[in-house]
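Single-letter residue listing:
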Amino acid sequence: MFGSSNKPRVDELPYWRRKALDEMTKVEWEGLCDGCGRCCLNKLEDWETGEVAFTSVACRLLDGHSCQCSDYEHRQKTVPECIQLDMEGVREIPWLPPTCAYRLVHEGRDLYWWHYLVSG
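Residues numbered from 1 in each chain as written. Predicted model: local features only at pLDDT ≥ 70, side-chain atom pairs only at ≥ 80, totals over all residues. Heavy atoms only, no water.

Novice: I tried to follow the overall build of the chain on my own but got confused; where do I start?
Specialist: A count of helices and strands for the chain gives six helices and four strands. Start at the N end of the chain and walk to the C end: the helices and strands fall as α-α-β-β-β-β-α-α-α-α. Relative to all contacts within the chain whose residues are 6 or more apart in sequence, the contacts with residues 24 or more apart total 39%. For the chain, the exposed area adds up to about 8900 Å²; of that, 53% sits on carbon and sulfur atoms. Computing the positive centroid from 14 side-chain charges and the negative centroid from 20, the chain places the two 5 Å apart. (Helix = DSSP H or I, 4+ residues; strand = E, 2+ residues; numbered from the N terminus. Contact = heavy atoms within 4.5 Å. Areas by Shrake-Rupley, 256 points an atom, 1.4 Å probe, with all protein chains shown as cover. Lys, Arg positive; Asp, Glu negative; His and termini not counted. Charge placed at Lys NZ, Arg CZ, Asp CG, Glu CD.)

Novice: Which parts of the structure should I look at to understand unusual backbone geometry?
Specialist: Peptide bonds are trans in most cases, and residues, glycine excluded, mostly fall at negative phi. Of note, the phi angle at Cys 67 is positive, near 60°, even though the residue is not glycine. Looking at the secondary structure, you find Cys 67 in the loop between strand S3 (62-63) and strand S4 (68-69).

Novice: Where do I start with the nonpolar core in this structure?
Specialist: When a protein is soluble and globular, its nonpolar side chains tend to lie buried together. One finds Leu 21, Leu 32 and Tyr 102 to be the most contacted residues of the largest nonpolar core, which totals 18 residues. The set of elements that each furnish at least two residues to this core consists of helix H1 (15-18), helix H2 (26-32), helix H4 (87-92) and helix H5 (101-106). The greatest single-element share of this core, amounting to four residues, is contributed by H5. Apart from the residues lying within four places of it in its own chain, the contact partners of Tyr 102 are Leu 21, Trp 29, Glu 30, Leu 32, Cys 33, Leu 85 and Val 90. (Core = buried A, V, L, I, M, F, W, Y, C linked by side-chain atoms within 4.5 Å. Buried < 20%, exposed > 50% of the residue type's maximum accessible area, 1.4 Å probe, protein only.)

Novice: I keep staring at the packing of aromatic side chains and nothing clicks. Help me out?
Specialist: The description of two aromatic rings rests on the distance between their centres and on the angle between their planes. In the structure shown here, the tally under the stated rule is three aromatic pairs. Between Tyr 112 and Trp 114, the ring centres sit 5.7 Å apart and the planes meet at 10°, which makes this aromatic pair stacked. Taking relative accessible area as the criterion, Trp 114 reaches 34% and is therefore assigned partly exposed. Over the ring of Phe 54 we find Arg 38; its NZ or CZ atom is 4.1 Å from the centre of that ring. (Phe/Tyr/Trp six-rings, centres within 6.5 Å; stacked < 30°, edge-to-face > 60°. Lys NZ or Arg CZ within 6 Å of the ring centre and 35° of its normal.)

Novice: Mind showing me how you'd approach the pattern of salt bridges here?
Specialist: Side chains bearing opposite charge may pair, as long as their charged atoms lie close to each other. With the rule as written, the count across this model stands at four salt bridges. Note that Glu 28 is salt-bridged to Lys 19, the shortest N-O span being 2.8 Å. Judged by its relative accessible area of 14%, Glu 28 falls in the buried class. By relative accessible area, which is 23% here, Lys 19 ends up partly exposed. The shortest N-O distance in the salt bridge between Glu 107 and Arg 103 comes to 3.3 Å. What makes Arg 103 partly exposed here is its relative accessible area of 27%. Each of Arg 103, Glu 107 and Arg 109 takes part in salt bridges that share partners, so that together they form one network. (Salt bridge = Lys/Arg side-chain N within 4 Å of Asp/Glu carboxyl O.)

Right, dumping it as structure tokens:
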């Protein structure tokens, strides 16, 4: 058919492909997290090189079975050093894993096939 295309219309694209991170609702933002738990691992940074090493020591609120915070709504009261990931953090935090949905969307890339928003 003349003028037809296999390219999906913008309104048919999933929200993470048609919106920038700062345009997302709170529900959409929270929905991007795949629950890898890497944000909740203690990290060591070499002051001279800036290299970051992940440890196997997790925040006390991390449930090791579900990879979820056991008190997500109140986590910053219980653990004041807990990082509330926001746009500034996505831009500036060097240790976000390369598979992190926030990082991928910020860099204009798509989510991996295994992300639950893609694979179900």
